[in-house]
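Coordinate inspection notes
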Amino acid sequence: MKAVLKNETKVVTGKVRLSYANIFEPKSINGSDPKYSVSLIIPKAEKQQIKVIEEAIENAKQRDKTKLVNKSGKIPANIKTPLRDGDEDRPDDENYADCYFINANSTKAPAVVGLKKDIATGKAIPLGSDDVYSGCYARVSVNFYGFNTNGNIGIACGLGNIQKVDDGERLGGGSSAEDDFEFEEVDAEDDFLS
């Protein structure tokens with residue numbers, strides 16, 4: 001799956017792995033306003049995807065350059081960007097090895113859907129927290145924009161929508177009931193009124 005530049009600063013990623021997925025309930029960090037958030041893990045081998053993301057970040061720098069100037073009237077060479085190196089920033093987490101990552105957040109809940117849509121309505125079928133979790137794979141729409149808050153200057157990443165594309169090993173522990181227990185197999189329709 002290739003990443004797509006939807007407009008100058010909006011990207012729909014290719015296949016990425018979700019981590020720290022707070023996508024169903026907003027979470028407050030250090031007393032800040034609650035936000036929906038997720039870390040997108042992207043293998044460094046995904047060169048096309050990285051190139052599209054870097055292009056969108058550069059476009060955001062150009063579009064929002066008036067926000068990004070410092071007190072001397074220039075855009076600092078070392079402004080913060082959301083594309084980070086997992087080997088440098090998360091060296092103790094094997095899930096980030098040989099990968100880049102982006103932290104995306106929003107005050108608005110993302111639509112979280114699967115690969116199918118309802119024939120009758122034409123709408124994507126929503127998924128819940130049992131289906132989409134830290135460790136699964138998804139495509140994610142993100143938007144990059146400039147910020148300058150109290151001298152903290154950079155490009156941020158807004159979270160759009162999430163489409164799960166594949167399962168993966170859960171990150172941070174935990175398991176499903178199906179992994180933990182043995183079951184008798186029954187046909188749900190036949191067993192409904194039994």
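To keep things clear, this report deals only with the structure shown in the data block. (Residues numbered from 1 in each chain as written. Predicted model: local features only at pLDDT ≥ 70, side-chain atom pairs only at ≥ 80, totals over all residues. Heavy atoms only, no water.)

Re the overall build of the chain
Along its length, the chain carries five helices and ten strands. Along the first, second and third principal axes, the C-alpha atoms of the chain reach 75 × 45 × 35 Å. In the chain, buried positions account for 35% of the 194 residues. Partitioning the intrachain contacts of the chain with sequence separation of at least 6 by distance along the chain shows that 66% fall at a separation of at least 24. Counting every atom, the chain has about 12,300 Å² of accessible surface; 47% of that belongs to carbon and sulfur. (Helix = DSSP H or I, 4+ residues; strand = E, 2+ residues; numbered from the N terminus. Buried < 20%, exposed > 50% of the residue type's maximum accessible area, 1.4 Å probe, protein only. Contact = heavy atoms within 4.5 Å. Areas by Shrake-Rupley, 256 points an atom, 1.4 Å probe, with all protein chains shown as cover.)

Observations concerning the pattern of salt bridges
Counted by the stated rule, this structure contains seven salt bridges. Among the salt bridges present, the one from Asp87 reaches Lys44, with a minimum N-O distance of 2.7 Å. Of this pair, Asp87 sits in helix α3 (residues 86-89) while Lys44 sits in the loop between β4 (35-43) and α1 (47-63), and the two are 43 residues apart along the sequence. When its relative accessible area of 19% is taken as the criterion, Lys44 is described as buried. One salt-bridge network, in which partners are shared between bridges, spans Lys44, Asp85 and Asp87. (Salt bridge = Lys/Arg side-chain N within 4 Å of Asp/Glu carboxyl O.)

Side note on a negative patch on the surface
A surface patch of like charges, here negative, comprises Asp130, Asp131, Glu178, Asp179 and Asp180. When you line up the elements, Asp131 lands in the loop between β8 (124-126) and β9 (137-149). Of the residues examined, Asp131 reaches a relative accessible area of 34% and is grouped as partly exposed. (Patch = residues over 30% accessible without salt bridge, like charges linked within 9 Å, V, L, I, M, F, W, Y side chains within 5 Å. Lys, Arg positive; Asp, Glu negative; His and termini not counted. Charge placed at Lys NZ, Arg CZ, Asp CG, Glu CD.)

Thoughts on unusual backbone geometry
At Tyr20, a position not held by glycine, the phi torsion is positive, near 50 degrees. Here Tyr20 lies in strand β3 (residues 16-27). A relative accessible area of 49% means that Tyr20 is categorised as partly exposed. In this model, Asn30 sits at a positive phi of 55 degrees, which is unusual for a non-glycine residue. By the element assignment, Asn30 lies in the loop between β3 and β4.

This is a description of form; function is not addressed.
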